[in-house]
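The lines below spell out each chain.
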Amino acid sequence: MTAAYEVRGLTCRLGGREIVRGVDLEVRHGEVLALVGPNGAGKSTLLGALTGDVPVASGEILLEGRPLGQWSSADLARARSVLLQANQVSFPFTVREVVEMGRSPWLGRSTAQEDEAAIAEAIERTDIAHLLDRPFTALSGGERARASLARVLAQRTPVVLLDEPTAALDLRHQEDVMVVARDLAAAGRAVVVVLHDLSLAAARADRMAIVEAGRIVGIGTPADVLTPETVERVYGIAVHVLTDTPDGHPIVVPHRERSDTASS
Ligand code: ADP
Ligand code: MG
């Protein structure tokens, strides 16, 4: 697997504070890398640095071997796509128009057939065919998230960055999104995905990185990273990590008091 990103000694400052602090990270083509960590840990800021939207205070980021700062915005838009945490569309575009926006970086470079195929595939993968004529602004949170993901998929970039794509989704659509992420990786893309659900991350990511206070404090396979000690220390809550699971992937469950009233 070749490196999509090489990050060395990355520090990012926002509002006078160091939000990302000395991060070293490699992201490989063909892998799903999950970023996890508590609220405010700096996951979105780190992802923003990878997209080129958050300035680098020190250190360096190479995208496909080339310093991120040397990429033109047009070339960047064909190299990496981004699903932001807040799905910012304020003008009432239809869902179809939002998905079509994913093709704009390819204007004059792709055929109408390629555009149509990319859009059709994105619509199918995100299960939004029934929403296409609706205004994006009139959708539910989960429907917006899927329409925004369709825009990202339509962009067909070698690197895909997703910030909490499953946060608003029901159980089935959460699973669908992570299957899409796996398929992207199987096709050789590099996928970085911010997730809160540790068990979902463990089931679908090749590697996980735990972010705490701007640093990566653990990185490796889910089984390596998700020890009760690490989760407890980083999140401040005692957990069980179940390893004897139907699919062999660890499941993280908080210690909860047994309640006899719950079943009545
Ligand atoms: P996460 O995505 O892990 O929840 P973020 O990267 O969004 O965390 O934020 C990390 C920290 O940086 C938070 O304390 C947040 O308040 C702060 N932060 C984020 N954006 C800005 C900004 N533009 N200016 C100042 N502080 C910011
Ligand atoms: Mg965030």
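Being a predicted model, the structure only gives us computed values, none of them experimental.

### Overview of the pattern of salt bridges
- What the rule picks out here adds up to 16 salt bridges.
- A salt bridge links R207 to E31; its shortest N-O distance comes to 2.8 Å. Separated by 176 residues along the polypeptide, R207 in strand β9 (residues 207–212) and E31 in the loop between β2 (17–28) and β3 (32–36) bring together distant segments of the chain.
- Salt-bridge contacts for D176 lead to R172; the nearest nitrogen and oxygen are separated by 3.3 Å. With D176 and R172 both in helix α6 (residues 171–186) and four residues apart, the pair spans about one turn of that helix.
- Three or more residues joined by partner-sharing salt bridges are found here, namely D127, R146, R172 and D176.

### Some points on the pairing of strand β4 (residues 58–63)
- In this structure, strand β1 (residues 3–14) lies alongside β4, joined through five bridges in antiparallel fashion. In the strand pairing of β4, T11 is matched with S58.

### Considerations on the layout of surface pockets
- In this structure, the largest pocket spans a volume of roughly 330 Å³.
- Lining the largest pocket are 19 residues; nearest its centre among them are V82, L84, Q88, R151 and Q155.
- Contributing elements (two or more residues each) for the lining of the largest pocket: β6 (80–83), α3 (95–101) and α5 (141–154).
- Residue classes in the lining of the largest pocket are distributed as nine nonpolar, seven polar and three charged.
- There is about 260 Å³ of room inside the second largest pocket.
- If you trace the second largest pocket, you find it lined by H196, D197, L198, S199, V231, Y235, I237, V239, V252, V253 and P254.
- Contributions of two or more residues to the lining of the second largest pocket are made by α7 (198–204), α9 (228–235) and β12 (251–254).
- The greatest single-element share of the lining of the second largest pocket, amounting to three residues, is contributed by β12.

### Examining unusual backbone geometry
- The backbone phi angle of E164 is positive, close to 50°, even though this residue is not glycine.
- Among the structural elements, E164 can be located in the loop between β7 (159–163) and α6.
- Residue E164 is classed as buried on the basis of its relative accessible area, which comes to 17%.
- In this model, A213 sits at a positive phi of 50°, which is unusual for a non-glycine residue.
- Residue class for A213 comes out partly exposed when judged on its relative accessible area of 43%.

### Side note on the domain arrangement of the protein
- Taken as a whole, the protein is organised into domain 1 (1–64 + 159–227) and domain 2 (77–157).
- Between the C-alpha centres of domain 1 and domain 2 there is a distance of 22 Å.
- Contacts between the two partners involve 21 residues from domain 1, matched on the other side by 18 residues from domain 2.
- Between domain 1 and domain 2 lies a buried interface of about 1,700 Å² when both sides are counted; carbon and sulfur atoms form 57% of it.
- The interface formed by domain 1 and domain 2 contains two salt bridges.
- Where R172 meets D127, a salt bridge forms, and the shortest distance between an N and an O atom there is 3.1 Å.
- Inspection of the domain 1/domain 2 interface yields 13 residue pairs in polar contact (both at pLDDT 80 or more).
- When contributions to the side of domain 1 that touches domain 2 are tallied by element, the ones reaching two or more residues are α1 (43–51), β7 and α6.

### Brief notes about the site of ligand 1
- Looking at ligand 1, the residues that line it are L14, G15, R17, I19, P38, N39, G40, A41, G42, K43, S44 and T45.
- For ligand 1, an oxygen atom lies 2.9 Å from a polar atom in the side chain of S44.
- A distance of 2.6 Å separates an oxygen atom of ligand 1 from a polar atom in the side chain of T45.
- Coverage of ligand 1 by the protein amounts to 61% of the 560 Å² it exposes when considered alone.
- Elements supplying a minimum of two residues to the shell around ligand 1: β2 and α1.
- In terms of residue count, the dominant contributor to the shell around ligand 1 is α1 (three residues).
- Its residues assigned to classes, the shell around ligand 1 shows four nonpolar, six polar and two charged.

The rules behind the values
- Residues numbered from 1 in each chain as written.
- Chains lettered and ligands numbered in written order.
- Predicted model: local features only at pLDDT ≥ 70, side-chain atom pairs only at ≥ 80, totals over all residues.
- Heavy atoms only, no water.
- Salt bridge = Lys/Arg side-chain N within 4 Å of Asp/Glu carboxyl O.
- Helix = DSSP H or I, 4+ residues; strand = E, 2+ residues; numbered from the N terminus.
- Pairing = 2+ DSSP bridges.
- 1 Å grid on protein atoms, 1.4 Å probe; cavity = no way out; pocket = protein on both sides within 12 Å on 5 of 7 lines; lining within 4 Å.
- Points joined across faces, edges and corners; volume = space filled by probe spheres on them.
- Nonpolar A, V, L, I, M, F, W, Y, C, P; charged D, E, K, R; others polar.
- Buried < 20%, exposed > 50% of the residue type's maximum accessible area, 1.4 Å probe, protein only.
- Domains from an automatic or database assignment.
- Contact = heavy atoms within 4.5 Å.
- Buried area = accessible area lost by both parts, 1.4 Å probe.
- Polar contact = N/O pair within 3.5 Å; in protein donor to acceptor, adjacent residues only side chain to side chain.
- Near = heavy atom within 4 Å.
- Areas by Shrake-Rupley, 256 points an atom, 1.4 Å probe, with all protein chains shown as cover.

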